[in-house]
Amino acid sequence: MLREITELDFSITNHITDLDLIDQVSKFRSGVGHDFSWLRDFDDDTLAAVASIPNFFANDTSEPPSSMKHYFMPLADYRGDQGDGSSIPVYAPFDGTITRVTQEDRDGEGPSAAKIEITSAVDDRYTAMLFHVNLDALYPSVYNDYPTLGEIYTHTEDDSDYSTLSISAGDLLGFAELTSANDFDVAILFSDTTASTWMSVFDLMPEDLLQDYDAKGIDSTQLVISKEERLADPLGEDAWGTYSAGDWSVLSQEDSNNVDAMIMTDSTHYLNNTVINYYKDDADTGVSTVVEAGAVQITESVTFDAVKLSDNSAYTSDIKIGDAIDILRHIVAIKTLDPTSSQFHAADIDNDGEVKIGDAIDVLRHIVDIKKIDTFDLIDAQGERVTQLDPDATGDAPTWTLVANGDVDLSGSFAEDFVVAVDLV
Ligand SMILES: [Ca+2]
Ligand SMILES: [Ca+2]
Ligand SMILES: [Ca+2]
């Protein structure tokens, strides 16, 4: 289920990696890796020493032990024995500036690329931290490293050989270091003058990016374990270091590859449980597509000018005199229809691209039962009528809306069994 559509105070604008290459994502406040909440094991002297270092760590001591970041585990071909440091891209989630780069080791097992910190250009309270990245040569390998902290940490001087600290959302920062490793990780620190706390990148993700996870079967709300849930179900000492399925969400890679288009009946519902038949010049082309929860697969190429639904009970038509009047009003320019609107496409019954008297007559004929109108248009996101299925189309699956010809005021309705709410998919 998609999160309720709400205005985010701040949002990321780009995925941090290519979702087609990812098998699993760990949950915020999971038991993966090690405690990553606040510096509960630091003594007071050390805490005092790090307090003045910007974006050192979260200091919200109300958090129970958990991993307040997300680990991304690539597909099996790209991790562990098959892992390398040059296959899984890491992208900048938002516009910003590199504020720190440190060289990492992985759980004390030796060098493991860089941690890069990017502070937002829009709101500098937000800093993304991306771990284990083999950075592109554009960026410094060390920048603004922490000061030496007694025996705990030794400062490294800045790398002066770099081209830029300026980052745009979607910039390729480098590739995740996955040689003999299973995952890489991402954290977001929210830091104002009084407090700093870790946030889930999924709580900052706008709807269009969440939909890409949704398309892979990921319910993004399940990627965040709330503080209340974690307090009620604390992680034991033995939680760390072993794989636990409950800590991860698995992306479904097969399903998404099979979805070529999504069919909606209105802005909040997908068509469901039926078959679309494709027509050209009033004749059935013989091509049809099954629709399940909006998703269709396109396996054949066809040119068409209208579609019909195989199941007559899916839709209750409501073509009345008011629809004819809407067409006449458009013709005499009393109330013109925007040519990219569903109403216009509904009014253009013969799909010749114009709304004319012949369309009004078609509606009247339907009303007096001389000639039934039972065709629909498929309208793309730009408000254009779709006229072709292309099985070789690449890129994201387009979303098309079904519009009933003749029903200019869009008063017809789909039966409950044949639609599904967008947020339930
Ligand atoms: Ca039409
Ligand atoms: Ca027409
Ligand atoms: Ca109507």
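Residues numbered from 1 in each chain as written. Chains lettered and ligands numbered in written order. Predicted model: local features only at pLDDT ≥ 70, side-chain atom pairs only at ≥ 80, totals over all residues.

A few words on the environment of Ile-225. Structurally, the position occupied by Ile-225 is in the loop between helix 2 (207–214) and helix 3 (227–232). Look at Ile-225 and you get buried, because 20 C-beta atoms sit within 10 Å. Along the backbone, Ile-225 and Trp-400 are 175 residues apart, and their C-alpha atoms lie at a distance of 34 Å. (Helix = DSSP H or I, 4+ residues; strand = E, 2+ residues; numbered from the N terminus. Buried ≥ 20, exposed ≤ 12 C-beta atoms within 10 Å, placed from the backbone.)

Glancing now at the packing of helix 5 (residues 321–331) against helix 7 (residues 357–367). At a closest axis distance of 9 Å, the pairing of helix 5 and helix 7 adopts a crossing angle of 170°. What the angle tells us is that helix 5 and helix 7 run roughly antiparallel. In this structure, helix 5 uses Ile-321, Asp-323, Ala-324, Ile-327, Leu-328 and Ile-331 to contact helix 7, whose residues at the interface are Ile-357, Asp-359, Ala-360, Val-363, Leu-364 and Ile-367. (Axes fitted to C-alpha atoms, helices over the stretch in contact; angles between N-to-C directions. Parallel < 35°, antiparallel > 145°, perpendicular 65-115°, else oblique. Contact = placed C-beta atoms within 7 Å.)

For strand 22 (residues 399–404), a buried count of five out of six residues is recorded, marking the element as mostly surrounded by other parts of the structure. Both strand 12 (residues 261–266) and strand 22 contribute to a ladder of three bridges, which runs parallel. The residue bridging Ile-263 from the neighbouring strand is Trp-400, located in strand 22. Note: strand 20 (residues 376–379) against strand 22, four bridges, orientation antiparallel. (Pairing = 2+ DSSP bridges.)

Attention now goes to the domain arrangement of the chain. As far as domains go, the chain holds domain 1 (19–256) and domain 2 (258–424). Each of domain 1 and domain 2 has a C-alpha centre, and these two points are 46 Å apart. (Domains from an automatic or database assignment.)

The subject of this paragraph is the pairing of strand 4 (residues 96–105). Pairing analysis gives eight bridges linking strand 4 to strand 5 (residues 111–120), with the strands arranged antiparallel. Residue pairing across strands places Asp-105 opposite Pro-111, the latter belonging to strand 5.

Moving on to the nonpolar core. Ranked by size, the top nonpolar core spans 54 residues in total, and within it Ile-116, Leu-130, Val-133, Leu-173 and Ile-188 carry the most contacts. When residues of this core are traced back to their parent elements, those giving at least two are strand 1 (22–26), strand 2 (70–74), strand 4, strand 5, strand 6 (126–135), strand 8 (172–176), strand 9 (184–191) and helix 2. By residue number, the principal contributor to this core is strand 6, which donates seven residues. What Ile-116 contacts, discounting residues up to four positions off in sequence, is Ile-98, Val-101, Leu-130, Val-133, Leu-135, Tyr-139 and Leu-173. (Core = buried A, V, L, I, M, F, W, Y, C linked by C-beta atoms within 7 Å.)

Our focus in this paragraph is the confidence of the model for the chain. Taken as a whole, the chain shows an average pLDDT of 93; of its residues, 96% reach a score of 70 or greater. Within the model, pLDDT remains below 50 along residues 1–5, and this stretch shows twelve contacts once partners closer than five positions in the same chain are excluded. (pLDDT = per-residue confidence, 0-100.)

Let us now look at the environment of Met-205. Along the chain, the position of Met-205 falls in the loop between strand 10 (196–199) and helix 2. The class for Met-205 is buried, based on 22 C-beta atoms found within 10 Å. Along the primary structure Met-205 and His-15 are separated by 190 residues, whereas in three dimensions their C-alpha atoms are 8.9 Å apart. Once residues lying within four places of it in the same chain are set aside, the contact partners of Met-205 are Ser-11, Ile-12, Leu-210 and Ser-220.

Attention now goes to helix 5. Where helix 5 is concerned, the buried positions are Asp-323, Ala-324, Asp-326, Ile-327 and His-330. What you see down the axis of helix 5 is that its buried residues fit within an arc of 155°, all on one side. Of the surrounding elements, those touching the buried residues of helix 5 are helix 6 (342–347) and helix 7. One or two steps after helix 5, the chain reaches Ala-333, where phi turns positive at roughly 60°. (Arc of directions from axis to C-beta.)

Moving on, we come to unusual backbone geometry. Positive phi outside glycine occurs at Arg-29, with the angle close to 70°. Inspection of the secondary structure assignment puts Arg-29 in the loop between strand 1 and helix 1 (44–50). Its identity is not glycine, yet Ser-180 carries a phi of approximately 55°, on the positive side. Relative to the helices and strands, Ser-180 is located in the loop between strand 8 and strand 9. A tally of 14 C-beta atoms within 10 Å means that Ser-180 is categorised as partly exposed.

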